[in-house]
Amino acid sequence: VAEASAPGPLDSLRISIWRGADWHPVPSGESAQIKSQVEHGSEVVEVRTGGGPSYSVDTTGKSGWEQIAEGGRRRRMRAMHVFWADVPMPEAAPMPSRPSVSWSKSSR
């Protein structure tokens, strides 16, 4: 039986890329490659994709991380730590009863 290893410092890192006017998560296989190389001290990371073109990630930029495609196109990337608290959710409060409303015709 394999022992579970302690979480590494980058396990909670979520990596996204800016594409089509929105942030999109980097696929898990590519994210694992990036995390592994960064954890071992790389500042510019080479990423191999499953059948698609490879790309580099530059983690040294003033404006943050960038993806650099084989043709030289650059896209912004972000890396954020996401923590999930192991806190039980509180029970839902009962819904208040619906107020009764009565309308009467007023005489003027």
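Residues numbered from 1 in each chain as written. Predicted model: local features only at pLDDT ≥ 70, side-chain atom pairs only at ≥ 80, totals over all residues. Heavy atoms only, no water.

## Re the overall build of the protein chain
- When you go through the protein chain residue by residue, the secondary structure sums to one helix and six strands.
- Secondary structure elements in the protein chain, listed N-terminal to C-terminal, are β-β-α-β-β-β-β.
- Out of the 108 residues in the protein chain, the part that is buried amounts to 22%.
- Sequence separation of at least 24 residues holds for 36% of the intrachain contacts in the protein chain that already meet a minimum separation of 6. (Helix = DSSP H or I, 4+ residues; strand = E, 2+ residues; numbered from the N terminus. Buried < 20%, exposed > 50% of the residue type's maximum accessible area, 1.4 Å probe, protein only. Contact = heavy atoms within 4.5 Å.)

## Overview of the packing of aromatic side chains
- All told, the structure shown has one aromatic pair when counted by the stated rule.
- Residues Trp 18 and Trp 23 carry aromatic rings whose centres are separated by 5.2 Å and whose planes lie at 70° to one another, so their mutual orientation is edge-to-face.
- We classify Trp 18 as partly exposed; its relative accessible area is 32%.
- A relative accessible area of 24% means that Trp 23 is categorised as partly exposed. (Phe/Tyr/Trp six-rings, centres within 6.5 Å; stacked < 30°, edge-to-face > 60°.)

## Concerning the pairing of strand β3 (residues 44-47)
- Of the two faces of β3, the one holding Val 45 and Val 47 is buried and the one holding Val 44 and Glu 46 is not buried anywhere.
- Where β3 meets strand β4 (residues 55-58), four bridges bridge the pair, whose relative direction is antiparallel. When the sheet's bridge partners are listed, Val 44 is paired in β4 with Asp 58. (Pairing = 2+ DSSP bridges.)

## Observations regarding the sheet that holds strand β5 (residues 66-69)
- The sheet built from six strands is open, its strands ordered β2-β1-β6-β5-β4-β3 with antiparallel pairing. Two strands in the sheet have a free side with no partner beyond their single neighbour: β2 (22-25) and β3. Each strand of the sheet is rotated relative to its neighbour by a mean of 30°, with strand direction disregarded.
- Sheet analysis places strand β1 (residues 13-19) next to β2, joined by four bridges and oriented antiparallel. The residue bridging Ser 16 from the neighbouring strand is Pro 25, located in β2.
- With respect to the sheet, helix α1 (residues 28-39) is in contact with β1, β3, β4 and β6 (74-81), its orientation differing from that of β3 by roughly 145°. (Axes fitted to C-alpha atoms, helices over the stretch in contact; angles between N-to-C directions.)

## As for α1
- In this model α1 runs 16 Å from its N-terminal to its C-terminal C-alpha over twelve residues, within 8% of the 16 Å that 1.5 Å per residue would give.
- Buried residues of α1: Glu 30, Ser 31, Ile 34 and Lys 35, and no others. On an axial view of α1, the arc spanned by its buried residues comes to 135°, and they lie on one face.
- In this fold, the buried residues of α1 make contact with β1, β3, β4 and β6. (Expected span 1.5 Å × (residues − 1). Arc of directions from axis to C-beta.)

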